[in-house]
Amino acid sequence: MNPRHLDLDDPDRLYTVTGGRSRVDGDGLDLVTLVIAENDPARGMQSEHVVILRLCRHRPMAVVELSSHLRLPVSVVKILLLDLRDTGHITVRHPTSATATTHLADPETLKQVLVGLQEL
């Protein structure tokens, strides 16, 4: 008897990993959301949760990176991440674009700087 090769895309396995959940509507997670582990894995945790916490222990990791490491669809990884977020094991952070974090200086201040430079 030959052991059956574990098919990572097997619907039964994905059903088991997510506890039967298939959707995460309005989850606030996208492909580039950064995941940060807040603590070490606890005894009895689901193996996928343990892997996520270990991967995010030393540096934030994007959802899409976690999906690649786990070799699971992004939708499944999002469900796992929501479990961890809801229990306080991870925090998530959305990267901001450079334009969103750039604050324009006050025009009057810029004029004063320009005048100061011209006087040098």
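So, a few notes on the structure that sits alongside this text. This is a predicted model, so every value here is computed, not measured.

## Some words on the pattern of salt bridges
Point 1. Within the structure shown, the criterion is met by 3 salt bridges.
Point 2. Across the salt bridge formed by Asp 40 and Arg 57, the nearest N and O atoms sit 3.3 Å from each other. Taken together, the residues Asp 40 in the loop between β1 (34-37) and α2 (47-55) and Arg 57 in the loop between α2 and β2 (61-62) connect sequence positions 17 residues apart.
Point 3. According to the relative accessible area criterion, Asp 40 is partly exposed, its value standing at 49%.
Point 4. Exposure remark for Arg 57: the relative accessible area of 39% places this residue in the partly exposed category.
Point 5. Between Glu 65 and Arg 59 there is a salt bridge; the shortest N-O distance is 3.7 Å.
Point 6. Given the relative accessible area of 30%, Glu 65 is considered partly exposed.

## Some details on the side chain of Lys 78
Point 1. Structurally, Lys 78 is set in helix α4 (residues 74-86).
Point 2. Within the local environment of Lys 78, its side chain forms a polar contact with the backbone oxygen of Leu 29, the two atoms lying 3.1 Å apart.

## Digging into the sheet that holds β2
Point 1. Within the open sheet, the 3 strands sit side by side as β2-β1-β3. Their pairing is antiparallel. In this open sheet, the two strands that pair with only one neighbour each are β2 and β3 (90-93).
Point 2. Where β1 meets β2, 2 bridges bridge the pair, whose relative direction is antiparallel. Of the residues in β2, the one forming a bridge with Val 35 is Met 61.

Quick notes on the rules
As a convention, each chain's residues are numbered from 1 in the sequence order in which they are written. Side-chain atom pairs in this predicted model are given and counted only at pLDDT of 80 or more, local residue features only at pLDDT of at least 70, and totals for whole chains, interfaces and linings cover all residues. No hydrogens and no water enter the side-chain calculation; it runs on all heavy atoms of the structure. For this document, the term salt bridge refers to a Lys or Arg side-chain nitrogen within 4 Å of an Asp or Glu carboxyl oxygen. Strands are runs of DSSP state E lasting at least 2 residues, helices are runs of H or I lasting at least 4, and numbering of each runs from the N terminus. When a residue's accessible area, from a 1.4 Å probe over protein chains only, is under 20% of the maximum for its type it is buried; when over 50% it is exposed; and in between it is partly exposed. The definition of a polar contact used here is a pair of N or O atoms within 3.5 Å, where within protein one atom must be able to donate a hydrogen and the other to accept one, and adjacent residues in sequence count solely through side-chain atom pairs. A pair of strands is labelled paired if DSSP reports no fewer than 2 bridges between them.

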